[in-house]
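# Observations on the model geometry
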Amino acid sequence: MAETSHSIEQRLTSLGHRLVEREGAEAPHREEATRVASRLHDRVQRALAAYHEAVSSVSALRVSLSAPRLDDKHLHAIEFDLERGRHRAIITIKQRGEVTLVGPFRLGKPEGPCRSFPFAADDEIERALGDFLCRFIEAAVSP
């Protein structure tokens with residue numbers, strides 16, 4: 001039995017080395033996606049700060065913003081999400097150079113709708129992000 005365990009360990013070690021080599025080639029794309037994710041997260045955080053100031057007298061209207069993290073579905077993407085109650089919206093930054101706005105949607109329901117933009121479409125992303133945040137907040141705080 002020890003021989004089999006050793007064999008499995010060797011196989012997994014070999015696989016790990018191959019995956020690290022493969023992911024090493026992704027480093028420049030991962031770094032760019034991380035920069036874009038940080039910039040967009042900061043932008044959303046500033047927008048939510050303005051919103052929270054406007055609704056400061058009604059705490060039930062607050063929206064939470066998660067920190068950027070490895071995407072739940074895609075290995076080569078970073079995501080962060082907005083949340084209020086069962087309502088969610090996700091912003092995904094894919095290493096292939098694309099920003100995707102997902103939602104708004106309710107937990108337990110299918111995700112969507114989605115809109116994607118290339119990293120370089122700053123003006124278009126800014127407009128769509130504003131629309132996206134407003135749609136999310138309106139859906140999340142509907143009685």
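Residues numbered from 1 in each chain as written. Predicted model: local features only at pLDDT ≥ 70, side-chain atom pairs only at ≥ 80, totals over all residues. Heavy atoms only, no water.

### Side note on the pattern of salt bridges
- One pass over the full model with this rule turns up 10 salt bridges.
- Two residues, arginine 39 and aspartate 122, come together in a salt bridge whose shortest N-O distance is 3.6 Å. Pair noted here: arginine 39 is in helix α2 (residues 27-54) and aspartate 122 is in helix α3 (residues 122-140), with a separation of 83 residues, a long-range link.
- Exposure remark for aspartate 122: the relative accessible area of 40% places this residue in the partly exposed category.
- One network of salt bridges, with partners in common, ties together Arg69, Asp72, Glu79 and Asp81. (Salt bridge = Lys/Arg side-chain N within 4 Å of Asp/Glu carboxyl O. Helix = DSSP H or I, 4+ residues; strand = E, 2+ residues; numbered from the N terminus. Buried < 20%, exposed > 50% of the residue type's maximum accessible area, 1.4 Å probe, protein only.)

### Some remarks on the confidence of the model for the protein chain
- On average, the protein chain scores 90 in pLDDT, and the residues at 70 or more come to 97%.
- The element-level mean pLDDT for the protein chain is lowest in helix α1 (residues 2-24), coming to 83, with strand β1 (residues 64-65) highest at 98. (pLDDT = per-residue confidence, 0-100.)

### Observations concerning the state of the cysteines
- By the definition in use, this model includes 0 disulfides.
- Free cysteine: cysteine 114, not disulfide-bonded; nearest cysteine sulfur from cysteine 134 at 19 Å. (Disulfide = S-S within 2.5 Å.)

### Observations concerning the pairing of strand β5 (residues 98-106)
- Relative to β5, strand β4 (residues 87-94) runs antiparallel, the two sharing 7 bridges. Within β5, the residue paired with isoleucine 91 across the bridge is leucine 101.
- Sheet topology note: the β5/strand β6 (residues 114-118) ladder contains 5 bridges and is antiparallel. Looking at the pairing, leucine 101 lines up with arginine 115 of β6. (Pairing = 2+ DSSP bridges.)

### Structural notes on unusual backbone geometry
- Residues glycine 103 and proline 104 are joined by a peptide bond in cis, for which omega reads 10 degrees.
- Among the secondary structure elements, proline 104 is positioned in strand β5.

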